[in-house]
Structure formats: C-alpha cells, structure tokens
Amino acid sequence: MMGTYKRYAAWALAGALLLATSAAMAGHVPDTLEQRIKACTSCHGEQGQGGSNGFNPRLAGKPALYLYHQLLNFREGRRHYPMMRHMAEGLPKAYLREIAEYFAAQHPVWPAVEPSLLPSALLEKGRDIVEHGDPSRGVPACAACHGKRLTGVEPAMPPLIGLPRDYLRNQLGAWRNGTRRAAAPDCMATVAARLTPQQITAVAGWLSSQPRPDDAQPAPARTAPLPLDCGGVGAGDEAPPVASQVKPMTHGEYLARIGDCVSCHTTAGGKPLAGGRAIPTPFGAIYTPNITPDKATGIGSWSRDDFWRAMHEGVNVLGDDLYPAFPFPSFTRITRKDVDAIFDWLTSTVEPVHRANQPNELSFPYSMRSLMSVWRALYFDEGVYKPDPDKSDEWNRGAYLVKGLGHCSACHTPRNWLGATRGDELLSGAPIPQQHWYAPDLGTAEGNGLANWSKRDIVDFLRAGRSSKGIAYGPMAEVVHESLQYLTEADAQAIATYLLDRPSTATPRFHDKFLPPPVRRRRAAHLDHLVVQGHAIYVEHCAACHGKDGKGQLDVYPAL
C-alpha cells in the first residue's frame, strides 16, 4: 500500500513540485503527509487559509467529510476545474480522507473582512435571505443548514463566512448552470436555481462582508431534519452526476441574457432592467434607460417596430439617434425574429418599474445629439448578419452571437478618437474606456490571446468563468455572472468554433518608421527599461508556476 501511495503522490503532485524541484526528482518524493499536501498548499496556503485572488477558498477548519466529498466530486467529474481534476484524478479514497482530515484540523488566523461596495439596501436583502430565506421562491434560510453562526455544521456542512464575494457568486452560478454538482439529491443546485441573480449578488456581498468569530468552529451535528434533502450530507462515496435543475428560460429571456441586458440596464441594488447605470466614456457619462414595461418611464408604450428600430437602426421611439454606448452597431446584426422575442419577454414577463431616465452628462460638443448623424454616416454599417455559405451552421451560429447579440467587439476591439470600433482590427484587444481594464486579443495566432486554447477551454471559460487557460476577472467576471453562464452548451461550442476559425489580426497598430529618429530612440529606451523591469517582476512572482519562459506547466498553470 505504501508503494501505491508513493506512485500516486509522485503523479498527482508533479504540477506543484515543479515549483521547487526538477522532473528528475519526481521518482524520489518522500512519502509524507507534508509532501502530499504541497499540491494543495501551493494555491490554498500552508495551512489552507486560502489564496488572495478570490478563487482559491479557505480549506482550514471545514468539516473533514465536506472536504472529502469535494475531492471526490472533483475526481468523479461532478465539479469542473481542470487543476483540481488533475490533482485528484485516480487518487484512492484513503489518500483523499487523509488530506481532508489534515485541513479540517488547521485553524490559521482569519484574513481581514473585505469591505462591500454594495448599497446598504442590497446588503440588507442578502442578510434577510441568509437568516430567513425567501418563502415565496421556496428558498430556505442559509443558516438553517449551515448553522446559526454560519460556521458550518458537522459532519459535512461547510461554513459560509470567510469566503470571498467572487468565489461565492462563482459557485452559486456553477450550480445554476450545472458545472458544479454534488451527490443526489443536490440540494444546492435546487437552491441556486430558485435564487435570482440579484439575490445571489446580495447574499454573496453580505456573507463576504461579515466578521469572523474567534471560535469559528463547525457546530455539532444536528438532530432536526434539514429543510431540503441533501445528498452530500452523510451520503455514500459514489453518486451519479445529476442534471442541472435550473428552470428553463423562454427564448426571449435567453436572448436577453446572452445580450447582457441586465448588466447594463440595472444599477447596483436597483430593480432589474430599470436603468440608471452610468456607462463611463471619454466624452462623459451615459445613463442607461429604463427598459421595463412601465408605460410612463419604460418601454411599455413601445411597439415591436419601435423596439426593432432601436436595436436595428439605433434610433429611439422619439426619432433621436442613440449613442453607440448602446451597442446598436452590433445589435443591428440580430434577426427580426430574435429582436421580437426579446421585446415580447421584456413587455410580458418583466416587472414594470416606474423610474424616470437620468439625463446624460456629456461634455460639449458631444452633448449635441444631432452630431450623431455624421458619426453614423462614417461608422455605422446597418444590416442583419448574413451567414457565410462556405462555413458550417455551427460556425455561422458562433459568428452571429459574437458579432451581434454578444457584442464582443464593444470591448475587445480598439476604438478611434470618436469612439468607433476599428473594423480592420476586429477583436484584436483594447483598453475598456475609462475602466482601467484591458480586453485581450481574441486571435489564435502565436502570441495572441487565444493561442493554444482548445475548444473545451473556451467553452469552460464562457460558461463558468474559468478554464485550464485562465480565470475571468473584472468586467469579464460580471459578463460571465450576468450573461455568459446562461449559454447553452451548443451555443458556447458554436462561439468557440467561430473564434478558433476566424482570421487572426496580428497586424501591429503603430509603425515606428513614421516617427522622427529622436522619438524612436526615446521610445526604444523606454521599452527596454520596461522589459528589464517586467522580467524582474515576472521572475519573482510568476515564473514559479508558469515557468521561466511563460509556457506554463502541464494543463495546470496556463501559458502566458
């Protein structure tokens, strides 16, 4: 048995051992617990205190049976994260139990509470759901299962405090779309399906902002029954995967989700789709309008033709030209059938909200809406997407979603000085205006953003916000949470097919030959300085995992 453990240890920990040892040493790994947990501590901390990036959660002090079940879920494919699957695949149960028991016995100092930027009203809504649930939606109180103090309950109910907001949102989203599962009956899949996206944001925000009690131990095993049947509590080691329990959407709601309408047309803590969110631009702030079916302040008095004109032509019900912060240059590619489906969902299902639209705050002369006619003549190419007859149906579906409903070019394509996307540099990467984030190049040539990404990598990233090649942060994390996690597998596959088979745009956007010699010399010296500085930072903070040449390690640490 000890010989078997040695073989498992050498294989499973190879990725982590590359941090400090050469491949030649892999055959001489000491068969000790300290050596075995190195694969865990490299991401989760020496005592399982959790990583600092919001996605490597705290393991310390969680019930051992819960940790053991999660390792089993990764090993058996009920949870999908390539690094964890790689580490756990093939390991014996006794080995996994030993790791789980080690981290359950650790009690390092808790990190500082992360401040919440959510409005107090939304945080209060999160607290109410945590403590009392939402009977109208059949959602039990979180405290009913995870303990009154939310520190977990023996033998297998995990704590909810001490987890970062992004991690909590990511996991609830994974349960909703079926990329995280547990032994049947999967009670958390049921709860996540019943929560609205706004409730998920509220719950995650409130939980992550709560102080941790000094004696944050799991409560003793309960004697009262749980409000829902949970297969992960005292269940057997083996359980078949279960299907996602998310309630099916109407076609119109699905399209609205994929178009990310909720994200832009909802303020933090506000009613869904009631508008008022400020979209920062280099020309000033543009406030999104109310698109609920309220007749006075929303689109309740609009006709299908009015909505089609806004989406397809970029003209509102009053005949005014819309600013391209509303991505009508992309939405014009959407078919009339799909536009009508979105409108029907908005006007028949969404709750009307009486909320007056807020005037834009644009500087002169950009505040003169009449100038948009000039902009449109120069940069707006109206027309529904026309399929390429030389490509497959799946490729064309992906192109339709990327170019139209998904409006990917709004962030991933450079803009000129008047805010128009550069058509010759489609999806070649660009700074997101006023947000201090960079949307990466989506080309597949060597050195581009999707170089060496597989179709599965792209699908996982779109639907779960993480894959073997990377994790979604910043604005992209919000897009995944509010929009892309709802993609069907078929549509995610179609997008991946298109992205992997589109012409790469690796053409440089600026040519030094047009600069005067003194400017070229100064620019070259500046770049040399940045390279030296960047190399030193990379060696100190990045090379240990991603390799000295940035080519990554196995399928665990992505190539940079």
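For clarity, every value in this text was computed on a predicted model and none was experimentally measured. (Residues numbered from 1 in each chain as written. Predicted model: local features only at pLDDT ≥ 70, side-chain atom pairs only at ≥ 80, totals over all residues. Heavy atoms only, no water.)

Some remarks on the overall build of the protein chain
In terms of regular secondary structure, the protein chain is built from 25 helices and seven strands. Classification of the 560 residues of the protein chain by burial places 50% in the buried group. When contacts within the protein chain are restricted to residue pairs at least 6 apart in sequence, long-range pairs at least 24 apart make up 67% of them. By element, 58% of the accessible surface of the protein chain is carried by carbon and sulfur atoms, the whole surface being about 27200 Å². (Helix = DSSP H or I, 4+ residues; strand = E, 2+ residues; numbered from the N terminus. Buried < 20%, exposed > 50% of the residue type's maximum accessible area, 1.4 Å probe, protein only. Contact = heavy atoms within 4.5 Å. Areas by Shrake-Rupley, 256 points an atom, 1.4 Å probe, with all protein chains shown as cover.)

Concerning the pairing of strand β2 (residues 284–287)
Strand direction decides the pairing type here: strand β1 (residues 278–281) and β2, joined by four bridges, are antiparallel. For Thr-281, the partnering residue across the bridge sits in β2 and is Gly-284. Between the end of β1 and the start of β2, which pair antiparallel, lie two residues. Where β2 and strand β3 (residues 361–362) come together, two bridges link them in antiparallel fashion. Bridge pairing links Gly-284 to Leu-362 in β3. (Pairing = 2+ DSSP bridges.)

Some remarks on the layout of surface pockets
Roughly 1600 Å³ of volume is contained in the second largest pocket. Around the second largest pocket sit 46 residues that line it, and Pro-197, Gln-198, Val-262, Pro-272 and Glu-482 are the ones nearest its centre. Those elements giving two or more residues to the lining of the second largest pocket turn out to be α8 (120–132), α10 (165–177), α12 (197–208), α13 (251–258), α14 (261–264) and α22 (474–482). Counting residues per element, the lining of the second largest pocket draws most heavily on α22, at five residues. For the lining of the second largest pocket, a count of residues per class yields 19 nonpolar, 12 polar and 15 charged. (1 Å grid on protein atoms, 1.4 Å probe; cavity = no way out; pocket = protein on both sides within 12 Å on 5 of 7 lines; lining within 4 Å. Points joined across faces, edges and corners; volume = space filled by probe spheres on them. Nonpolar A, V, L, I, M, F, W, Y, C, P; charged D, E, K, R; others polar.)

Observations concerning the pattern of salt bridges
By the definition in use, this model includes 19 salt bridges. In this structure, Glu-76 engages Arg-75 in a salt bridge whose closest nitrogen and oxygen atoms are separated by 2.7 Å. Residue classification places Glu-76 among the partly exposed residues on the basis of a relative accessible area of 31%. Note on Arg-75: relative accessible area 15%, which makes it buried. The partner of Asp-340 in a salt bridge is Arg-304, and the shortest N-O contact between them spans 3.7 Å. Taken together, the residues span a long stretch of sequence, with Asp-340 in helix α17 (residues 336–348) and Arg-304 in helix α15 (residues 304–313) at a distance of 36 residues. (Salt bridge = Lys/Arg side-chain N within 4 Å of Asp/Glu carboxyl O.)

A short note on the nonpolar core
By size, the foremost hydrophobic cluster in this structure holds 58 residues, and its most contacted members are Leu-273, Phe-307, Ile-342, Leu-346, Leu-487 and Leu-499. Counting residues in hydrophobic clusters, the runner-up holds 30 residues, among them Tyr-167, Leu-168, Cys-187 and Ala-192. (Core = buried A, V, L, I, M, F, W, Y, C linked by side-chain atoms within 4.5 Å.)

A word on unusual backbone geometry
At the junction of Glu-154 and Pro-155, the peptide bond is cis and its omega measures out at 5° in the coordinates. Tracing the sequence through the fold places Pro-155 in the loop between α9 (142–146) and α10. Note that the residue after Phe-364, namely Pro-365, is joined by a cis bond; omega there is 10°. Looking at the secondary structure, you find Pro-365 in the loop between β3 and α18 (372–379).

Re the side chain of Arg-78
Note on placement: Arg-78 falls in the loop between α5 (64–76) and α6 (82–88). Despite its burial, Arg-78 remains without a salt bridge, the nearest opposite charge being carried by Glu-76 at 5.5 Å. Separated by 2.8 Å, the side chains of Arg-78 and Asn-73 make a polar contact. (Lys, Arg positive; Asp, Glu negative; His and termini not counted. Polar contact = N/O pair within 3.5 Å; in protein donor to acceptor, adjacent residues only side chain to side chain.)

What about the state of the cysteines?
Here, the word disulfide means a covalent bond between the sulfur atoms of two cysteines. Considering all chains together, one arrives at one disulfide under this definition. Disulfide pairing places Cys-187 opposite Cys-230 at an S-S distance of 2.0 Å. Its torsion about the S-S bond being 110°, the disulfide of Cys-187 and Cys-230 is classed as right-handed. Of the two residues, Cys-187 sits in helix α11 (residues 187–194) while Cys-230 sits in the loop between α12 and α13, which places them 43 residues apart along the sequence. Like Cys-187, the residue Cys-230 is buried in the burial classification. Between Cys-145, a free cysteine, and Cys-230, which holds the nearest cysteine sulfur, the sulfur-to-sulfur gap is 5.3 Å. With no disulfide of its own, Cys-264 lies closest to Cys-261 among cysteine sulfurs, the gap being 8.4 Å. The partly exposed category is assigned to Cys-264, whose relative accessible area is 29%. (Disulfide = S-S within 2.5 Å.)

Observations regarding the side chain of His-265
As for its position among the elements, His-265 is in the loop between α14 and β1. Once residues lying within four places of it in the same chain are set aside, the contact partners of His-265 are Leu-273, Ala-274, Gly-275, Thr-288, Pro-289 and Ile-291.

Observations regarding the sheet that holds β2
Sheet architecture is open: three strands sit in the order β1-β2-β3, paired in antiparallel fashion. At either end of the open sheet lies a strand with only one pairing partner, and these are β1 and β3.

Observations concerning the confidence of the model for the protein chain
Here the protein chain shows a mean pLDDT of 82. Residues at 70 or above account for 87%. Predicted confidence is poor over residues 1–27, with pLDDT under 50, and the contacts of this stretch with residues over four places away or in other chains come to 40 contacts. Low confidence marks residues 235–246, where pLDDT is under 50. Its contacts with residues over four positions away, or in another chain, come to 32 contacts. (pLDDT = per-residue confidence, 0-100.)

Here we look at the packing of α10 against α11
At their nearest, the axes of α10 and α11 sit 8 Å apart, and the two run at 100° to each other. Classed by the angle they form, the pair α10 and α11 counts as roughly perpendicular. Along its contact with α10, which presents Leu-172, Trp-175 and Arg-176, the element α11 presents Met-188, Ala-189, Ala-192 and Ala-193. In terms of residue class, the contact of α10 with α11 is built from six nonpolar, no polar and one charged. (Axes fitted to C-alpha atoms, helices over the stretch in contact; angles between N-to-C directions. Parallel < 35°, antiparallel > 145°, perpendicular 65-115°, else oblique.)

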